Amino acid sequence: MSQPIPGARFVDPQVLARIGNLDLIARAVVDGFINGLHRAPFFGASIDFAEHRGYVAGDDIRRVDWRLYARTDRYYVKQYEADTNTNFTILFDISRSMSFTSGGVTKLEYGAFLGACLAYMAQRQRDRIGIVTFDSDIVSHVPASAKHFNQVLHTMDRAKAERPGHLSEPLHKMAEHFKRRGILLLISDFYDDPTAVLEAIKPLKFLGNDLIVFHVLDPQEINFDYQEASTFEDLENGEQVPVVPDSFRQQYRQLVQEHINALRSRFSEQRIDYALLNTAEPLDRALFTYLSSRERLIRVR
Amino acid sequence: MSFLAPLFFVGLATLAIPVLVHLVQRERKRVVEFPSLMFVQRIPYKSVRRRRIRHWFLLALRAAAIAAIIAAFARPFLPRGAGAIAAAGGSREIVILLDRSASMGFGDHFERARAAAIDVVRSMSASDKATLVTFGRNAEERLRSSSDRGRLEAAIGSVTPSASATRYGPALKLAESVLGRSTLPRHEIVLISDFQKSGWSGAEDVRLGEQVRLTPVSVATERAINLSVPQVTFARATFSGQERVTVTAGVANRSGEAASDVPVSLEIEGHEIEGKRASVAPNASTSVTFAPFTLAEPTMRGAVKVGTDKLTADNQFTFVVTPETPLAVLVVDNGDQADASFYLKKALGIGASPAFQVETVPAARVSPAMLEKRSVVILNDTMLPPGLAGSALNDFVERGGGLLIATGDKTAWPASEGSLLPGALGAPVDRLSGRGGTLGYLDYSHPAFEVFKAPRSGDFSAARVLRYRTIEVTPTDRVLARFDDGAVAAAERRLGNGRVVLFGTTLDDSWTDLALKPVYLPLIHQLVKYLAQYEAAAAWRTVDSVVDVSAWLKGRADRVVLTPSGERRTLSASEPGLLELTELGVYEIRSAANTAARPDRIAVNLDPAESDLTTLDPTELVAAVTGRAAVASGAADAAVEVPAEEAERQQSLWWYLLIAGLLLLAAELAISNRLSRTERFL
């Protein structure tokens with residue numbers, strides 16, 4: 001399925017899965033990926049001056065504006081629009097449906113690889129990294145910090161898809177939590193009504209966060225290439241339905257495609273970056289595809 | 001079609017299994033986990049497909065197989081007709097016990113009982129035989145062991161309720177004896193009654209054999225309301241030389257509902273003289289006292305009536321009241337001493353019930369006219385009255401008079417009148433040694449001595465006998481008492497309708513000190529009452545009791561009895577004159593010789609226990625009599641069926657059903673395998 005791209009060293013997800021260390025995986029993928037790019041997309045880097053404020057005890061005297069002191073005989077401290085690099089937080093859906101695989105890596109593993117790669121990239125440009133894993137509620141939360149790279153990787157490594165998930169409740173909670181703007185990376189399989197998904201995500205967007213959405217799906221979820229009539233069991237709620245795939249396939253594919261298209265258009269309307277990732281595709285190819293499109297979008301913006 | 005174990009039909013719920021097999025089984029073979037069925041469930045085609053049953057025939061086969069197997073476990077059998085049953089289990093000897101006691105007159109009880117009896121007769125096969133026994137206090141065999149249904153039905157139709165009380169014991173014993181004589185293989189008793197609790201005490205000692213089947217058929221009514229007059233009492237007073245009687249009647253309410261403002265009336269000689277109203281609480285009784293009335297004539301007939309209900313027999317209580325009349329006693333002594341009969345006269349001068357009218361005459365002055373209107377003659381140490389009086393005395397006894405002969409020195413009896421004397425009188429015997437002789441033996445079974453039977457009821461051994469006359473009794477005479485040396489002290493002879501008692505010693509203090517002992521007075525009273533054939537005038541008697549009419553009319557003429565229903569019955573003077581009182585109301589008894597005279601009367605009422613309609617659980621009675629639980633109750637038809645287990649065992653339908661079920665399963669297996677090969681998805 002993967003197509004080689006000149007100048008890039010694409011790594012098959014199944015090979016990556018054998019490494020078993022997200023740090024190594026991230027390095028392997030990102031280093032190769034960056035080497036293949038002509039221009040790295042730095043996002044969130046800004047040290048523009050914002051305003052002055054009065055000096056208070058404890059402020060670093062190196063940040064006192066001496067020139068202003070000379071003019072006004074008062075101490076003022078310079079404030080910048082961003083004191084440091086931006087917050088990069090991964091919102092990782094670990095609901096039970098993410099444990100699905102039709103043979104290769106699970107969506108959960110694939111999402112973890114993806115999150116690790118992007119975290120590695122962010123760490124390299126000194127962004128602060130955090131992670132929130134959730135299903136129907138928030139499962140674990142690592143606050144964004146420049147020193148939390150390893151903890152983020154550890155959280156993703158430890159994540160297990162065990163419970164049914166639901167987007168709206170945990171995302172609402174997150175919206176209350178993220179008071180500071182940053183980059184939010186949402187990794188999920190979005191088994192929900194597109195309108196409901198958007199309603200859940202909107203509060204995050206309204207806070208001024210830069211939201212990037214990765215829609216991770218297994219090839220069987222897209223193609224529905226089952227052969228025998230079977231009882232299909234919903235991983236989320238355990239419901240069982242007898243299914244004759246031959247008669248279902250065409251309509252299923254159509255419904256899934258409509259779902260993807262709906263998500264894509266709704267996210268686009270809200271200026272949210274959306275990328276559909278197939279777990280059968282190499283990880284760096286997915287990164288390349290996404291970052292290329294993002295670069296194009298940034299230019300447009 | 002009936003079933004021995006119908007509870008197995010709960011297993012019919014397993015009929016859902018083939019449906020589930022059709023709908024679920026093949027699709028459940030492989031379960032595929034899928035992240036979300038969000039899109040799968042939106043496809044309408046699959047819903048229709050999975051819910052549609054495509055092979056109805058296969059489903060029907062599976063359902064039929066399971067139903068057949070379940071039906072086999074339920075042990076089916078066919079209840080056949082009476083003829084077939086009889087052929088299968090043998091002919092039956094049926095005893096129909098039909099209760100005709102007075103309580104069966106309540107409402108339509110008796111009609112229902114007759115209908116139940118006729119149902120039993122109609123269920124008989126040609127080889128069955130039935131015996132009709134009706135019962136109240138006693139049981140009566142109306143038609144013995146007949147297979148003629150017409151005769152049986154006619155016999156049942158002719159039965160009417162009686163006034164008798166209910167007793168189950170005699171009826172069951174009679175039924176047992178009837179069945180004991182039968183040669184038919186199956187014995188059955190059908191007991192049709194209102195199952196009054198008072199009819200069964202539990203001590204009847206009735207035990208039916210193992211092979212006898214007893215089926216109770218109850219016609220009782222729940223919560224029956226019944227008012228009754230169980231008894232009346234009389235308070236007598238004398239006013240202006242006439243006796244006045246105040247009647248107090250008890251009124252019982254044997255039901256759970258209060259009876260208020262019930263009319264209670266007193267009738268004398270058919271005329272209502274007073275009416276009152278009374279209220280009686282549930283299961284309680286009260287008393288109503290009427291104003292006194294004058295007893296103008298002997299044997300006045302009266303009745304107390306209370307309310308109306310479905311059992312009318314006990315709503316009326318009849319009685320007969322008579323002015324008290326003293327017993328006339330003629331004491332005949334030798335006349336040589338002024339107080340020769342001092343002790344006798346003193347003893348007979350005491351007592352009111354009855355009072356004694358005593359006249360003392362010397363033997364020489366006794367005339368036949370003196371014997372008229374006397375109940376008892378006492379010959380107190382004297383000779384037989386000479387002349388016509390002697391022979392008149394013989395006639396007097398034969399007509400029903402009583403004669404007491406106290407022997408002493410002066411007692412002399414001619415051999416010609418020996419028939420009057422119980423035994424032959426011998427010479428005097430002295431018992432002067434020690435403290436003298438005593439009365440060593442008394443026949444306490446004799447009515448005259450019965451009252452002394454209980455302990456501390458009279459000490460005869462305290463009396464000393466210093467001399468007595470020997471008595472040599474004949475085998476026809478009855479020895480009433482003996483002295484401690486074995487000699488006869490008293491003997492009795494019955495002559496005609498009368499009685500003669502010969503006492504071996506004196507009734508004064510010359511030969512014995514018996515007259516000085518406390519037992520003397522009751523002894524004299526008992527002997528005189530016995531000889532006078534005195535019976536306290538009962539104001540009423542309960543139905544089914546027997547009276548000796550000869551006590552009423554002393555004479556040689558036949559007696560004519562007029563029953564309450566108007567039937568006239570003649571009792572020959574040569575017969576004992578026993579009359580069984582079977583009807584409620586007043587019996588009138590006259591002498592055939594003098595029909596114009598005022599008759600004697602006997603009032604007959606219901607047994608008070610018969611008014612209590614409290615029912616006995618028929619199954620208890622069956623269990624007590626047979627030692628096992630009742631097989632069926634209420635339905636006479638059920639009584640003649642072969643036991644279900646036996647019918648099921650004989651027919652063995654379950655075996656065929658089981659084979660059919662297995663064959664159906666095999667067919668289903670073959671067809672479903674063929675279908676599964678031809679179709680990829682079922």
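Not measured: the values here are computed from a predicted model. (Residues numbered from 1 in each chain as written. Chains lettered and ligands numbered in written order. Predicted model: local features only at pLDDT ≥ 70, side-chain atom pairs only at ≥ 80, totals over all residues. Heavy atoms only, no water.)

1. Brief notes about the confidence of the model for chain B
Residues and elements named next belong to chain B. Worth spelling out the cut-off: Values of pLDDT, the confidence the predictor places in each residue, fall between 0 and 100. Any two residues having at least one pair of non-hydrogen atoms within 4.5 Å are treated as being in contact.
Here chain B averages 84 in pLDDT, and 91% of its residues register 70 or above. Below a pLDDT of 50 lies the segment residues 632-640, which in the model reaches 21 contacts outside its immediate sequence neighbourhood of four places, other chains included. Two numbers describe this predicted complex: its pTM, 0.46, and its ipTM, 0.75.

2. Overview of unusual backbone geometry
As a reminder of what qualifies: Put simply, DSSP H or I for four residues or longer makes a helix, DSSP E for two residues or longer makes a strand, and each gets a number counted from the N terminus.
The phi angle at N283 of chain B is positive, at roughly 50 degrees, despite the residue not being glycine. Along the polypeptide, N283 of chain B turns up in the loop between β13 (271-280) and β14 (284-289).

3. Focus: the nonpolar core
What counts is decided by this rule: By nonpolar core is meant a set of buried Ala, Val, Leu, Ile, Met, Phe, Trp, Tyr and Cys residues that side-chain atoms within 4.5 Å join together. A 1.4 Å probe rolled over the protein chains alone gives each residue an accessible area, and that area as a share of the maximum for its type sets the label: buried under 20%, exposed over 50%, partly exposed in between.
If you look at the biggest cluster of nonpolar residues, it comprises 44 residues, and the most contacted ones within it are L91, F190, I201, V213, F224, Y252 and F267 of chain A. The set of elements that each furnish at least two residues to this core consists of β4 (128-134), α6 (168-177), β6 (182-188), α7 (194-206), β7 (210-217), β9 (240-243) and α9 (245-269) of chain A together with β2 (31-34) of chain B. Looking at this core, the element that brings in the most residues is α9 of chain A, giving 7 residues. Not counting residues up to four positions away in its chain, the partners in contact with V213 of chain A are L186, F190, I201, F267, I272, D273, Y274 and A275 of chain A. Of all hydrophobic cores here, the second largest spans 40 residues; its members include F449, F460, A487 and V528 of chain B.

4. With respect to the packing of helix α5 (residues 109-122) of chain B against helix α6 (residues 149-157) of chain B
All names here are of chain B. Inclusion rule: Angles shown run from 0 to 180 degrees and are taken between the N-to-C directions of axes, each axis being a line fitted to C-alpha atoms and, for helices, limited to the stretch in contact. Here the word oblique covers every angle except those under 35 degrees (roughly parallel), over 145 (roughly antiparallel) and from 65 to 115 (roughly perpendicular). Basically, the charged four are Asp, Glu, Lys and Arg, the nonpolar ten are Ala, Val, Leu, Ile, Met, Phe, Trp, Tyr, Cys and Pro, and anything else, Gly included, counts as polar.
Relative to each other, α5 and α6 sit at 170 degrees, their axes nearing to 10 Å. Relative to α6, α5 is oriented roughly antiparallel. Between α5 and α6, the contacting residues are R114, A117, I118, V121 and R122 on the first element and R149, L152, E153, I156 and G157 on the second. Each residue belonging to the contact of α5 with α6 can be placed in one class, and the counts come to 5 nonpolar, 1 polar and 4 charged.

5. A few points about the packing of α6 of chain A against α7 of chain A
All names here are of chain A. One way to put it is that α6 packs onto α7 with a least axis distance of 8 Å and a crossing angle of 10 degrees. The angle between the axes of α6 and α7 places the two elements in the roughly parallel class. Residues S168, L171, H172, M174 and A175 of α6 form the contact with α7, whose own contacting residues are E199, A200, I201, P203 and L204. Grouping the constituent residues of the contact of α6 with α7 by class yields 7 nonpolar, 2 polar and 1 charged.

6. What to know about the interface of chain B and chain A
Our working definition: Two parts placed together each lose some accessible area under a 1.4 Å probe, and adding up what both lose gives the buried area. Note on definitions: salt bridges are taken to be side-chain nitrogens of Lys or Arg within 4 Å of carboxyl oxygens of Asp or Glu. N or O atoms closer than or at 3.5 Å make up a polar contact, with two conditions inside protein: a donor-capable atom paired with an acceptor-capable one, and, for residues adjacent in sequence, both atoms drawn from side chains.
Counting residues at the interface gives 22 residues for chain B, matched by 34 residues for chain A. Where chain B abuts chain A, roughly 2,800 Å² becomes buried across the two surfaces, and 68% of that area is made up of carbon and sulfur atoms. Taken as a group, F34, P35 and F39 of chain B account for 26% of the area that chain B buries against chain A, more than any other trio of residues on that side. For E33 of chain B, the salt bridge goes to R96 of chain A, with nearest N and O atoms at 4.0 Å. The interface formed by chain B and chain A includes 5 residue pairs in polar contact (both at pLDDT 80 or more). Broken down by secondary-structure element, the contributors of at least two residues to the side of chain B that touches chain A are β2 and α2 (44-51) of chain B. When grouped by side-chain class, the residues that make up the side of chain B that touches chain A number 11 nonpolar, 2 polar and 9 charged.

7. Some thoughts on the side chain of S95 of chain A
All names here are of chain A. Within the fold, S95 resides in the loop between β3 (87-93) and α4 (107-124). A relative accessible area of 2% places S95 in the buried class. Here S95 is in contact with F134, D135, A161, R163, P164, G165 and E236, once residues within four sequence places are set aside.

8. So, the sheet that holds strand β30 (residues 559-562) of chain B
Residues and elements named next belong to chain B. The condition that has to hold: A pair of strands is considered paired only if DSSP assigns at least 2 bridges between the two.
On the basis of which strands lie adjacent, the open sheet formed by 5 strands has the order β28-β34-β33-β30-β31 and mixed pairing. On the outer flanks of this sheet lie β28 (541-542) and β31 (568-571), each paired with one strand and no other. Bridge count between β30 and strand β33 (residues 585-591): 4 bridges; the pairing is antiparallel. Looking at β33, one finds that R559 is bridged to S591.

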